Amino acid sequence: MRELFNPADERPFHAVSDATAQGVDAAAEGAFTAWEGSWRDLTPGERSDALHRLANLIEANASQLAELDSRSM
């Protein structure tokens, strides 16, 4: 685990896991499996719907995402 620090006051505000080679491999394999297993077979409309759902989640959590991003700058 690695702590993220607020550069303004140097206090930790969140902990994240370090990436490992195995974790990167697992993420790449997961992405490939998702592509082969479903994403490539979706119609453009279905892909659009999925991306719109993702955009809505990002929008719904924009203030928290912005705070995390600004605290790490």
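Residues numbered from 1 in each chain as written. Predicted model: local features only at pLDDT ≥ 70, side-chain atom pairs only at ≥ 80, totals over all residues. Heavy atoms only, no water.

Student: Please give an account of the overall build of the protein that cites residues and values.
Tutor: From N to C terminus, the protein includes three helices and two strands. Listing each helix as α and each strand as β along the protein from the N terminus yields β-β-α-α-α. Projected onto its principal axes, the C-alpha positions of the protein cover 50 × 30 × 15 Å. Buried residues in the protein amount to 3% of all 73 residues. (Helix = DSSP H or I, 4+ residues; strand = E, 2+ residues; numbered from the N terminus. Buried < 20%, exposed > 50% of the residue type's maximum accessible area, 1.4 Å probe, protein only.)

Student: Go over unusual backbone geometry, please, and point to the residues and values.
Tutor: In this structure, Glu10 is a non-glycine residue whose phi angle is positive, near 60°. Glu10 gets classed as exposed once you look at its relative accessible area, which sits at 63%.

Student: Please provide a residue-by-residue account of the packing of helix α2 (residues 44–60) against helix α3 (residues 62–71), values included.
Tutor: Direction vectors running N to C along α2 and α3 enclose 65°, while the axes themselves pass 5 Å from each other. One finds that α2 runs roughly perpendicular with respect to α3. Each of Ile58, Glu59 and Ala60 in α2 lies in contact with α3, whose residues at this interface are Ala62, Gln64 and Leu65. (Axes fitted to C-alpha atoms, helices over the stretch in contact; angles between N-to-C directions. Parallel < 35°, antiparallel > 145°, perpendicular 65-115°, else oblique. Contact = heavy atoms within 4.5 Å.)

Student: So what's going on with a nonpolar patch on the surface? Which residues, and what values?
Tutor: A cluster of nonpolar residues, Leu51, Leu54, Ile58 and Leu65, forms a patch on the protein surface that exposes about 370 Å² of accessible area. Looking at the nonpolar patch, the element that brings in the most residues is α2, giving three residues. Here Leu51 lies in helix α2. (Patch = residues over 30% accessible without salt bridge, like charges linked within 9 Å, V, L, I, M, F, W, Y side chains within 5 Å. Areas by Shrake-Rupley, 256 points an atom, 1.4 Å probe, with all protein chains shown as cover. Salt bridge = Lys/Arg side-chain N within 4 Å of Asp/Glu carboxyl O.)

Student: Talk me through the pairing of strand β1 (residues 2–5); I want residue IDs and the actual numbers.
Tutor: Where β1 meets strand β2 (residues 12–16), four bridges bridge the pair, whose relative direction is antiparallel. Within the sheet, the bridge partner assigned to Phe5 lies in β2 and is Pro12. Following β1, the chain reverses through six residues before pairing antiparallel with β2; Glu10 in that reversal takes a positive phi of roughly 60°. (Pairing = 2+ DSSP bridges.)

Student: Please set out the environment of Pro7 residue by residue, giving values where relevant.
Tutor: Along the polypeptide, Pro7 turns up in the loop between β1 and β2. On the basis of relative accessibility, which here comes to 44%, the residue Pro7 falls in the partly exposed class. With near-sequence residues (within four places) excluded, Pro7 lies in contact with Arg71, Ser72 and Met73.

Student: Account for the environment of Arg11, with residues named and values stated.
Tutor: By the element assignment, Arg11 lies in the loop between β1 and β2. Each C-alpha atom of the pair Arg11 and Arg71 lies 10 Å from the other, and the pair is 60 residues apart in sequence. Among residues more than four places away in sequence, those in contact with Arg11 are Leu4, Phe5 and Asn6.

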